[in-house]
Each structure stands twice: as C-alpha cells, then as structure tokens.
Amino acid sequence: KQWMLGGVPEKCDDDPPEDEVLNLNVTLRLNLAQALIKLKEFEGAMAHCERALELDPLNPKGWWRKAKAVWETRNPGLAREALHKLLELEPGNPAALSLLQEIEQEETKKRSKR
C-alpha cells in the first residue's frame, strides 16, 4: 500500500538479488548496443557499451561491441584500446585479432596515400 501513498519501499521481499539485476542490466545494454550497431547508430552503441563496461569491466562481449562501434566511427586508437582489453581477457580471440589486422591494413593504406 505504500506505493499508493507516493512512497517507494527501499526493498521488497520478492526483489531479485542485486547481482542478478546488475547482470540483466549489462545484458540489456549489450543487446541494445548490438541492435544499434546493426542500425548503424554507432554513438548510441558506444554509450551502451560504456555503461555496461562500467558495471562489468571484465565482459568480453562488451569490449568486442565497443571495438566494433568505435571502429565504425573510424577511431582506430579507441578501437585498438578496446580490442587490447578484450585480448587481455581472451588471449588469441580470433575476431579481435582479425579486426586489429583490418585496422592496421586500413591505417597502412591511408599512410601510403599521403
């Protein structure tokens, strides 16, 4: 009845555990990021990845999606940084290594045109 009086209880008996809420928040943000990447809304995707990584800095999927979104904005420095974080968590990750190679090839091509 407290909600009817404008008050919000601090905690309900049936509230899920905080770690479960945190995990769901991370999952939802990373799913939103993936959808935004598909829609080519890279800035929004980066924002959701950033928030997810604030909550769970050891989440490989967060670092991967951040790297993808950042690279699509053609920011090789931030993309490399995210990929290196991912590779710290998952050494030898083939997708990360492949994207790093793609970044290097594009950067080399840009330098040779100068």
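Note that the structure is a prediction, hence the values are computed from the model and not measured. (Residues numbered from 1 in each chain as written. Predicted model: local features only at pLDDT ≥ 70, side-chain atom pairs only at ≥ 80, totals over all residues. Heavy atoms only, no water.)

Draft legend 1. Broad picture of the pattern of salt bridges. For the structure on display, the rule yields five salt bridges. We note a salt bridge from Glu50 to Lys66, for which the minimum N-O separation is 2.4 Å. Of this pair, Glu50 sits in helix H2 (residues 42-55) while Lys66 sits in helix H3 (residues 60-72), and the two are 16 residues apart along the sequence. We classify Glu50 as partly exposed; its relative accessible area is 35%. Its relative accessible area of 8% is what places Lys66 among the buried residues. A salt bridge links Glu54 to Arg51; the shortest N-O distance between them is 3.1 Å. Taken as a pair, Glu54 and Arg51 lie in helix H2 at a separation of three residues, close to a single helical turn. (Salt bridge = Lys/Arg side-chain N within 4 Å of Asp/Glu carboxyl O. Helix = DSSP H or I, 4+ residues; strand = E, 2+ residues; numbered from the N terminus. Buried < 20%, exposed > 50% of the residue type's maximum accessible area, 1.4 Å probe, protein only.)

Draft legend 2. Here's a closer look at the packing of aromatic side chains. A full pass over the atoms with the stated rule returns zero aromatic pairs. The ring of Trp71 has Arg74 sitting right over it, with the charged end atom 4.2 Å from the ring centre. (Phe/Tyr/Trp six-rings, centres within 6.5 Å; stacked < 30°, edge-to-face > 60°. Lys NZ or Arg CZ within 6 Å of the ring centre and 35° of its normal.)

Draft legend 3. View of the side chain of Glu107. Along the chain, Glu107 falls in helix H5 (residues 94-113). Beyond its immediate stretch of four places on either side in the chain, Glu107 contacts Pro76 and Arg80. (Contact = heavy atoms within 4.5 Å.)

Draft legend 4. Geometry of unusual backbone geometry. If you check the backbone angles, Lys40 has positive phi at about 60° while not being a glycine. Tracing the chain through its elements places Lys40 in the loop between helix H1 (18-38) and H2.

Draft legend 5. Focus on H1. Taking 1.5 Å per residue, 21 residues should reach 30 Å; H1 reaches 30 Å between its end C-alpha atoms and fits that length. If you check which residues of H1 are buried, you get Val26, Leu30, Ala33, Leu36 and Ile37. Within H1, the buried residues cover an arc of 120° as seen down the axis, which keeps them to one side. Facing away from the buried side of H1 by over 90 degrees, the exposed positions are Leu28 and Lys38. Against the buried residues of H1 lie H2 and H3. One or two residues past the end of H1 sits Lys40, with phi positive at roughly 60°. (Expected span 1.5 Å × (residues − 1). Arc of directions from axis to C-beta.)

Draft legend 6. Looking closely at helix H4 (residues 76-89). The terminal C-alpha atoms of H4, which comprises 14 residues, lie 20 Å apart, in line with the 20 Å expected from a rise of 1.5 Å per residue. Within H4, the full set of buried residues consists of Pro76, Ala79, Ala82, Leu83, Leu86 and Leu87. Angularly, the buried residues of H4 cover 140° about the axis, an arc narrow enough to put them on a single face. Packed against the buried residues of H4 are H3 and H5.

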